[in-house]
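# Coordinates in review
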Amino acid sequence: MLFDFNCNEYKYREQFDEFPQIENHDFRFTTCTCGETNSYVVSTVSRHRNFLPIVACANCGTLRANPYFTQETAAYYYGNIYGKVKRSGRSPEQLFNEQKERSLAPFLADFSEACSSVLDFGGGAGGRTAEMISPERSVSLHEVESEYSQYAYSQGILPYDAAKKYDLVVVSHVIEHMIDPVSQMADVIRDCCADGGLLMVATPIIDRQRARQWLQHFHIAHKYYFTHDALIGLMAGLGCTLLKHNNNDAYLFRVGAEIDPQFVADSYARGARRTMELIEAELRPSVKGWLRSLKFWRPQPHSQKDPSGKSI
């Protein structure tokens with residue numbers, strides 16, 4: 001295991017309770033996005049020093065929190081806690097400007113010129129796609145937090161139209177929050193994407209980093225953490241063909257391809273090997289690791305007794 005809740009040597013981003021009274025809510029054990037249950041424990045702690053079991057799928061290498069929220073627990077968490085934790089102190093204007101600084105327009109430029117409609121699905125205040133608005137192209141937003149969506153509308157972004165299919169759908173840092181990414185992304189493709197349209201997915205990719213850096217991503221709002229190959233395999237299983245990626249977190253697909261089960265299986269196998277390689281490299285004995293263990297070693301209480309009752 002990489003990160004143990006009982007170990008004191010980690011540097012946590014912050015230390016606070018991400019989900020007060022979590023014991024009053026329901027969780028359940030789940031299968032991976034690839035459909036398999038065989039897994040091994042990677043971590044038992046979040047980046048905020050909360051107990052959070054994370055396992056790696058032995059079939060595809062995807063990490064997931066397991067057990068995790070039921071749909072009812074997720075609805076409570078996002079409705080009552082998430083915004084206070086993640087967006088506390090940030091006005092809609094501040095969030096919009098922060099997102100705009102990380103605009104997706106440059107990454108999508110080569111393909112978006114042919115698109116007359118864009119949907120930012122779960123896009124907060126809409127800043128990451130706002131620069132794509134033009135006389136020839138409309139940008140719409142699907143966002144459940146009305147405080148942010150109302151500000152987006154004031155900046156020329158349109159409300160989501162459930163009766164419309166969009167040439168380009170952007171799902172940026174949303175898939176890792178989904179309870180069931182396979183069925184939920186299938187719904188997005190069916191309900192939002194035009195036939196043969198484009199779908200951009202952005203999410204943290206764990207094999208861009210050494211395993212020792214993964215803890216920064218682990219928190220209660222994230223259920224899944226994908227490798228490069230596991231994400232491609234998941235999307236290929238939904239009929240999506242990869243067009244480009246940015247060697248970081250953004251992937252652009254075209255929807256509507258025929259599903260190739262062998263390609264999906266091969267992608268998952270590469271993902272599983274990559275995750276295992278990264279974990280083994282981190283856990284391999286080294287002089288630096290031994291010295292680090294000495295630095296944080298603490299003597300354990302000695303309470304054993306012999307049959308006569310004397311301490312030994």
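Residues numbered from 1 in each chain as written. Predicted model: local features only at pLDDT ≥ 70, side-chain atom pairs only at ≥ 80, totals over all residues. Heavy atoms only, no water.

### Focus: the pattern of salt bridges
Quick note on the threshold: Here, a salt bridge means any side-chain nitrogen of Lys or Arg that lies within 4 Å of a carboxyl oxygen of Asp or Glu. Secondary structure elements follow DSSP: runs of H or I no shorter than four residues count as helices, runs of E no shorter than two count as strands, and numbering proceeds from the N terminus. Only protein chains enter the accessibility calculation, which uses a 1.4 Å probe; a residue whose area is less than 20% of its type maximum is buried, one above 50% is exposed, and one in between is partly exposed.
Going through the model one piece at a time under the given rule, you end up with eight salt bridges. The shortest N-O distance in the salt bridge between Arg274 and Asp207 comes to 4.0 Å. With Arg274 in helix 8 (residues 261-283) and Asp207 in the loop between strand 10 (193-202) and strand 11 (224-225), the pair connects residues that are 67 residues apart, well separated along the chain. Residue Arg210 pairs with Glu282 through a salt bridge whose shortest N-O separation is 3.9 Å. Highlighted residues: Arg210 in the loop between strand 10 and strand 11 and Glu282 in helix 8, separated in sequence by 72 residues. On the accessibility criterion, Arg210 (47% relative accessible area) is partly exposed. Where salt bridges share partners, they join Asp187, Arg190 and Asp191 into one cluster.

### With respect to the sheet that holds strand 2 (residues 39-45)
Backbone hydrogen bonds hold the strands of a sheet together, and the pairing may be parallel or antiparallel. Heads up, the condition is: Two strands make a pair as long as DSSP finds a minimum of two bridges between them. When checking whether two residues touch, look at their non-hydrogen atoms; a contact exists if any pair is within 4.5 Å. Axes, fitted as lines to C-alpha atoms, cover a helix only where it is in contact. Angles between the N-to-C directions of the axes lie from 0 to 180 degrees.
Taken in spatial order, the four strands of this open sheet run 2-3-4-11, and their pairing is antiparallel. Two strands close off the open sheet at either side, each with one partner strand: strand 2 and strand 11. Sheet topology note: the strand 3 (residues 51-57)/strand 4 (residues 63-65) ladder contains three bridges and is antiparallel. Residue pairing in the sheet places Val55 in a bridge with Arg64 of strand 4. Against the sheet, helix 8 engages strand 2, strand 3 and strand 4, with an angle of about 50° to strand 2.

### Observations regarding the sheet that holds strand 8 (residues 158-159)
Strand order in the open sheet made by the seven strands is 8-7-6-9-10-13-12, with mixed pairing throughout. Every other strand in the sheet has two partners, leaving strand 8 and strand 12 (240-245) as the edge strands with one partner each. In terms of strand pairing, strand 10 meets strand 13 (residues 250-255) through five bridges, oriented antiparallel. By the bridge assignment for strand 13, Leu198 is matched with Arg254.

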